[in-house]
Amino acid sequence: GAGVSQSPSNKVTEKGKDVELRCDPISGHTALYWYRQSLGQGLEFLIYFQGNSAPDKSGLPSDRFSAERTGGSVSTLTIQRTQQEDSAVYLCASSLGGERLNEQYFGPGTRLTVT
Amino acid sequence: AQSVAQPEDQVNVAEGNPLTVKCTYSVSGNPYLFWYVQYPNRGLQFLLKYITGDNLVKGSYGFEAEFNKSQTSFHLKKPSALVSDSALYFCAVRDMDTGRRALTFGSGTRLQVQP
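Peer 1: Outline unusual backbone geometry, supporting the account with residue identities and numerical values.
Peer 2: With glycine set apart, most residues show a phi of negative sign, and most peptide bonds adopt trans. For the bond from A:Ser7 to A:Pro8, the omega torsion is -10 degrees, close enough to zero to count as cis. In this model, A:Arg81 sits at a positive phi of 50 degrees, which is unusual for a non-glycine residue. Considering the arrangement of structural elements, one finds A:Arg81 in the loop between β7 (75-79) and β8 (88-95). Backbone geometry places B:Thr72, a non-glycine residue, at a positive phi of 45 degrees. Residue position: B:Thr72 is located in the loop between β8 (64-68) and β9 (73-78). For B:Thr72, a relative accessible area of 31% translates into the label partly exposed.

In structure tokens form, the structure reads like this:
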């Protein structure tokens, strides 16, 4: 079946502009995660959605970052007033709930470059 | 707080030899532990997990990992390495006794298997 998809695959933007990154999770997966991966770094947790519960936003690095998940499916990560340090690969993952909550399926990522 | 350390940036091993990729963790409660793999030009994939039960867990592609509570370690192993195992490996942890559902990932270890 279809995996997690993300768009765009690459985004180049000027410093100060806003960007929106999209994630389509696997159908039926109730949990959705956003991470970012900087060059040579591990994965940095950003935000987590689970069903209708309030999202865990504890990983968002600043108030310029926000995310929403509409209808329990598609999610959009928005970065306002982008800075050069925001350049990274942004990864989305989804999973089933329960015992398989953290068996995450990752998308291919969006490579964001802020010039 | 939960954290993961992967002390080796890179591990080199000859094909056919056993391999070990090291991981240590820190949580205040009981850990869920995971290994993920990122093959070149492909997304992250779930490899295996430890929740409870046997300390030796088996996963995909012949990999296994041993949970050692006294040493707070969860090293990834394979008896006989293949060139196709060359990839970036991430260890991850989640503290079972907190409300946080997201994983904390290590910085990754690049495994290079030489023919």
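From this point, the narrative continues.
Peer 1: Any chance you could break down the side chain of A:Arg69 for me, citing the residues and the numbers?
Peer 2: All names here are of chain A. Relative to the elements of secondary structure, Arg 69 occurs in strand β6 (residues 65-69). Lacking a salt bridge, the buried Arg 69 has Asp 24 as its closest oppositely charged neighbour, with an N-O distance of 9.5 Å. Among the polar contacts made by the side chain of Arg 69, one reaches the main-chain carbonyl oxygen of His 29 at a distance of 3.1 Å. The residues touching Arg 69, leaving out its near neighbours within four places in the chain, are Pro 25, His 29, Thr 30, Ala 31, Leu 32, Phe 49, Gly 51, Val 74 and Ser 75.

Peer 1: Any details on the sheet that holds β6(A)? Residues and values, ideally.
Peer 2: The strands making up a sheet associate through backbone hydrogen bonding, with each pair oriented either parallel or antiparallel. Residues and elements named next belong to chain A. If you walk across this open sheet you meet the four strands as β1-β3-β7-β6, and the pairing is antiparallel. Sheet topology places β1 (5-7) and β6 at the edges, where each strand pairs with a single neighbour. Going across the sheet, the axis of each strand differs from the next one's by a mean of 15 degrees, ignoring polarity. With five bridges connecting them, β6 and β7 associate as antiparallel partners. Looking at β7, one finds that Ser 66 is bridged to Thr 78.

Peer 1: Which residues make up the confidence of the model for chain B, and what are the values?
Peer 2: The share of residues in chain B with pLDDT of 70 or more is 100%, and the mean pLDDT across the chain is 93. Across chain B, the secondary-structure element scoring lowest on mean pLDDT is strand β11 (residues 104-105) of chain B, at 91, and the one scoring highest is β9(B), at 98.

Peer 1: Before we move on, can you summarise the layout of surface pockets with the specific residues and values?
Peer 2: Reported here for the largest pocket is a volume of approximately 800 Å³. A:Gln37, A:Arg111, B:Gln38, B:Leu88 and B:Arg110 are, among the 34 residues lining the largest pocket, the residues nearest its centre. Broken down by secondary-structure element, the contributors of at least two residues to the lining of the largest pocket are β8 and β10 (110-114) of chain A together with β10 (87-95) and β12 (109-114) of chain B. Partitioned by chemical class, the residues of the lining of the largest pocket number 13 nonpolar, 17 polar and four charged.

Peer 1: Any details on the nonpolar core? Residues and values, ideally.
Peer 2: Residues and elements named next belong to chain B. Residues Trp 35, Leu 48, Phe 74, Leu 76 and Tyr 89 are the most contacted members of the largest nonpolar core, which totals 28 residues. The element that contributes the greatest number of residues to this core is β10, accounting for four residues. Once residues lying within four places of it in the same chain are set aside, the contact partners of Tyr 89 are Gln 6, Trp 35, Tyr 36, Val 37, Tyr 39, Leu 47, Phe 63, Leu 76, Gly 108, Thr 109 and Leu 111.

Peer 1: Explain the pattern of salt bridges to me, using residue names and the numbers behind them.
Peer 2: Enumeration according to the criterion identifies seven salt bridges over all chains in this entry. Among the salt bridges present, the one from A:Asp24 reaches A:Arg22, with a minimum N-O distance of 2.8 Å. The class of A:Arg22 is partly exposed, set by a relative accessible area of 38%. Residues B:Glu64 and B:Lys58 are paired through a salt bridge, measuring 2.9 Å at the closest nitrogen-oxygen approach. Among the residues examined, B:Glu64 registers a relative accessible area of 17% and is labelled buried. The exposure class assigned to B:Lys58 is exposed, which follows from its relative accessible area of 64%.

Thresholds, definitions, all that
- Residues numbered from 1 in each chain as written.
- Chains lettered and ligands numbered in written order.
- Predicted model: local features only at pLDDT ≥ 70, side-chain atom pairs only at ≥ 80, totals over all residues.
- Heavy atoms only, no water.
- Helix = DSSP H or I, 4+ residues; strand = E, 2+ residues; numbered from the N terminus.
- Buried < 20%, exposed > 50% of the residue type's maximum accessible area, 1.4 Å probe, protein only.
- Lys, Arg positive; Asp, Glu negative; His and termini not counted.
- Salt bridge = Lys/Arg side-chain N within 4 Å of Asp/Glu carboxyl O.
- Polar contact = N/O pair within 3.5 Å; in protein donor to acceptor, adjacent residues only side chain to side chain.
- Contact = heavy atoms within 4.5 Å.
- Pairing = 2+ DSSP bridges.
- Axes fitted to C-alpha atoms, helices over the stretch in contact; angles between N-to-C directions.
- pLDDT = per-residue confidence, 0-100.
- 1 Å grid on protein atoms, 1.4 Å probe; cavity = no way out; pocket = protein on both sides within 12 Å on 5 of 7 lines; lining within 4 Å.
- Points joined across faces, edges and corners; volume = space filled by probe spheres on them.
- Nonpolar A, V, L, I, M, F, W, Y, C, P; charged D, E, K, R; others polar.
- Core = buried A, V, L, I, M, F, W, Y, C linked by side-chain atoms within 4.5 Å.

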